[in-house]
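Listed below, chain by chain, are the residues.
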Amino acid sequence: MSHQGTDDLSELGDLEPGTRQREQLRSRIQNIALTALVVVLLLWGIWSAVDLITPSGAW
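Residues numbered from 1 in each chain as written. Predicted model: local features only at pLDDT ≥ 70, side-chain atom pairs only at ≥ 80, totals over all residues. Heavy atoms only, no water.

### Section: the overall build of the protein chain
Here comes step 1: Counting secondary structure elements, the protein chain contains 1 helix and 0 strands.
Here comes step 2: Per-residue burial over the protein chain gives 2% buried out of 59 residues.
Here comes step 3: Carbon and sulfur atoms make up 63% of the accessible area of the protein chain, which amounts to about 6000 Å² in all. (Helix = DSSP H or I, 4+ residues; strand = E, 2+ residues; numbered from the N terminus. Buried < 20%, exposed > 50% of the residue type's maximum accessible area, 1.4 Å probe, protein only. Areas by Shrake-Rupley, 256 points an atom, 1.4 Å probe, with all protein chains shown as cover.)

### What to know about the pattern of salt bridges
Opposite charge on two side chains permits them to pair, given that their charged atoms come into close proximity.
Here comes step 1: This structure, assessed with the given rule, holds 1 salt bridge.
Here comes step 2: Across the salt bridge formed by Glu-23 and Arg-26, the nearest N and O atoms sit 3.1 Å from each other. Here Glu-23 and its partner Arg-26 are both found in helix H1 (residues 20-53), 3 residues apart, which amounts to about one turn of the helix.
Here comes step 3: Owing to a relative accessible area of 43%, Glu-23 belongs among the partly exposed residues under this scheme.
Here comes step 4: Look at Arg-26 and you get partly exposed, because its relative accessible area is 41%. (Salt bridge = Lys/Arg side-chain N within 4 Å of Asp/Glu carboxyl O.)

### Focus on a nonpolar patch on the surface
Here comes step 1: Together, Leu-34, Leu-37, Val-38, Leu-41, Trp-44 and Trp-47 line one region of the surface with nonpolar side chains, adding up to about 710 Å² of accessible area.
Here comes step 2: Take Leu-41: it is sitting in helix H1. (Patch = residues over 30% accessible without salt bridge, like charges linked within 9 Å, V, L, I, M, F, W, Y side chains within 5 Å.)

### Description of the environment of Arg-22
Here comes step 1: With respect to the helices and strands, Arg-22 occurs in helix H1.
Here comes step 2: Arg-22 gets classed as partly exposed once you look at its relative accessible area, which sits at 29%.
Here comes step 3: Other than its neighbours up to four places away in sequence, Arg-22 contacts Asp-14, Leu-15, Glu-16 and Pro-17. (Contact = heavy atoms within 4.5 Å.)

Structure follows, in structure tokens:
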């Protein structure tokens, strides 16, 4: 006995505008972008602090 779903949903049907998954996707993308920005700024700050401490790092 095989089980076949009776739902005829398209592959991206859940991501149509106004669906819950679409809002979650938008939120997830914003979280990833914000996390990436914070990591870049943190690394930049650490790099700048090390550059100030060591005299060899001249612009």
